[in-house]
Structure formats: structure tokens, C-alpha cells
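Here is what each chain is made of, one letter per residue.
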Amino acid sequence: MLTIGYSGPENAANIVRKLLVGDEHRILDMAAGTGLAGIELRKLGFNHIDGSDMSTEILKKAAEKGVYDKVFRCKMGEDNIDTEDELYSAVTIVGCFSIPVKIDVFQELHRVLKPGGYLVATFRPNTWIQADPYGYRAALMTSPNWKFMSDDLLDQHGPLNIDTNQEFYPKWHFVVCQKQ
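This report concerns the structure included in the present document. All residue numbers refer to positions counted from 1 along the written sequence of the respective chain. Reporting of local features is limited, given that this is a predicted model, to residues whose pLDDT is at least 70; pairs of side-chain atoms are given and counted only at 80 or more, and all residues count toward the totals for whole chains, interfaces and linings. Hydrogens and water are ignored here; the side-chain numbers use all heavy atoms of the structure.

1. Looking at the overall build of the protein
We apply this condition: Here a helix means four or more residues in a row that DSSP labels H or I, a strand means two or more in a row labelled E, and each is numbered from the N terminus. Working definition: with a 1.4 Å probe on protein chains only, accessible area under 20% of the residue-type maximum means buried, over 50% means exposed, and in between means partly exposed. Here, residues are in contact when the closest pair of their heavy atoms is within 4.5 Å. For the area figures, the Shrake-Rupley method with a 1.4 Å probe applies, and any residue is considered shielded solely by the protein chains shown.
Within the protein one finds 5 helices and 7 strands. Moving toward the C terminus, one meets the helices and strands of the protein in the order α-β-α-β-α-β-β-α-β-α-β-β. Within the protein, the proportion of its 180 residues that are buried is 49%. Here the contacts in the protein between residues at least 6 apart in sequence split such that 66% fall between residues at least 24 apart. Carbon and sulfur atoms provide 51% of the accessible area of the protein, an area that totals close to 8900 Å².

Laid out in C-alpha cells, this is it:
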């Protein structure tokens, strides 16, 4: 991923750093994959980061990087997040919302965020559109549980030379919502 200029994790970490002052915050990196967002969060001084992904094999690779305090399996929108209520100051989700995910995930994310905590998630442009094919916009923009803050279109990754189906988008929406 680094060979294609995968800047999504760095951009998400920078957004979290702008939202949260200090390093005492606990952050959950959902759909953590191999831990790239965790690495970027550590670089910015965050010292309490947990990582979760639906793949136990990928989580092994993430754990090897040593950036997460705890790693655990969770399939977003289907499993409960294995943690106590109102634990996290922020949750990052980088690169997952390119596929259908049950919108129940937003209720579960709301449960684990502290009051006033932030969700920073990336959405592929064809999933974060007015037609709202998966209900993501309605779940985050019209729910009284969330205060919608921004949805900037930022670099996610560099150009791909093998994108014959035009399925890859170099810019994704970086959506920021605050728990109400």
C-alpha cells in the first residue's frame, strides 16, 4: 500500500490530532488492517491506541508493529465492539467504507465513544453521495446522536496503473462527526 502513496492513514491521524490536544486520549482504530493508521497516530504522540479488524490474520500483522495496546477481532456492523462504554476519545476508520457495512455500526461506535468524542472515517466517493445507497449519510448527518462536522475530499492513495474498471478513487471523503 505504501508503494501507491497511501496517504489515507496519515490524513486521518492528522485530523484526529487537530481535534484532540494532548496524548492521554484513548483511540480505537477500527478496520485497522495491518496497522498503518496506528503507526501514524503514534507518530503524532498518541500513546493509547487499540486496533480492531475482521481478519485475525491481518490483526497478527498489526500486532507485530507494536503500536496497539490491544487488538481484537470485530466485524463492523455485525459484532459488538469488545470494550466498555464511553472509553474512546476518537475512533478512526480508514478505507473500510468502500463496501457495504451495516449502519448498525454507528450505534455501536456511539456506545464506545466518550461524550463529545469524534468519529473520523473515510468513505469512497461513490458511497458518500446524495443518493446515500448504504444509508451512511442519513445515519451520521440526520441522527440526533451525531453532530456532523465535515466531509472534506482528501487524498486517500495515489493513482493506480491497473485500474481498468475505474473502481479506485484517489480522493475519499474524510467524514468527521462528534458524539452528542
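2. Focus on the pattern of salt bridges
Under the convention used in this document: Between Lys or Arg on one side and Asp or Glu on the other, a salt bridge is scored when a side-chain nitrogen of the former is within 4 Å of a carboxyl oxygen of the latter.
Per the stated rule, a full pass over the model turns up 10 salt bridges. Here Asp50 makes a salt bridge to Arg26, at a shortest N to O gap of 3.2 Å. Of this pair, Asp50 sits in strand 2 (residues 48-53) while Arg26 sits in strand 1 (residues 26-30), placing them 24 residues apart in sequence. Judged by relative accessible area, which is 21%, Arg26 ranks as partly exposed. Residues participating in the shared-partner salt-bridge network are Arg26, Arg42, Asp50 and Asp69.

3. What about the packing of aromatic side chains?
Using the following cut-off: For this analysis, a ring pair means two rings from Phe, Tyr or Trp (six-membered ring only for Trp) whose centres lie within 6.5 Å, classed as stacked if their planes differ by under 30 degrees, edge-to-face if by over 60, and tilted for the remaining angles. A ring is considered to have a charge above it if a Lys NZ or an Arg CZ atom is located within 6 Å of its centre and within 35 degrees of its normal.
Inspection of every chain in the model, using the stated rule, returns 7 aromatic pairs. With 4.7 Å between their ring centres and 40° between their planes, Phe123 and Trp128 make a pair best called tilted. For the pair formed by Phe123 and Trp128, the shared burial category is buried. Sitting above the plane of the Phe46 ring, Arg17 keeps its charged end 3.8 Å from the centroid. A cation sits over an aromatic face here: Lys70 above Phe72, 4.9 Å from the ring centre.

4. As for the pairing of strand 2
The test is simple: A strand pair is defined by DSSP finding two or more bridges across the two strands.
Among the 6 residues of strand 2, 5 are classified as buried, and the element is accordingly described as predominantly covered. Bridging between strand 1 and strand 2 involves 4 bridges; their strand directions are parallel. Bridge pairing in strand 2 places Arg26 opposite His48.

5. Focus: the side chain of Ser52
By the element assignment, Ser52 lies in strand 2. On the accessibility criterion, Ser52 (0% relative accessible area) is buried. Every residue in contact with Ser52, bar those within four places of it in the chain, is listed here: Leu28, Asp29, Met30, Ala31, Ala32, Leu59, Phe72, Arg73 and Cys74.

6. Some points on the pairing of strand 5 (residues 113-123)
For a regular strand, the rule is simple: side chains alternate between the two faces of the sheet. Spelled out, the test is: Whether a crossover is right-handed comes down to one check: with the strands pointing away from the viewer, does the path from the first strand over the helix to the second run clockwise; if it does, it is right-handed.
Burial analysis of strand 5 places 8 of its 11 residues in the buried class, the great majority of the element. Two elements, strand 4 (residues 88-97) and strand 5, share 6 bridges in a ladder whose sense is parallel. By the bridge assignment for strand 5, Ile93 is matched with Ala121. One crossover worth recording links strand 4 to the parallel strand 5 by way of helix 4 (residues 104-112), and it is right-handed. Relative to strand 7 (residues 171-179), strand 5 runs antiparallel, the two sharing 6 bridges. Note that in strand 7 the partner of Phe123 across the bridge is His173.

7. What about helix 1 (residues 8-19)?
The line we're drawing: A helix is expected to span 1.5 Å multiplied by its residue count minus one.
Spanning 12 residues, helix 1 covers 17 Å between terminal C-alpha atoms, matching the ideal 16 Å at 1.5 Å per step. Among all positions in helix 1, only Gly8, Pro9, Asn11, Ala12, Ala13, Ile15 and Val16 are buried.

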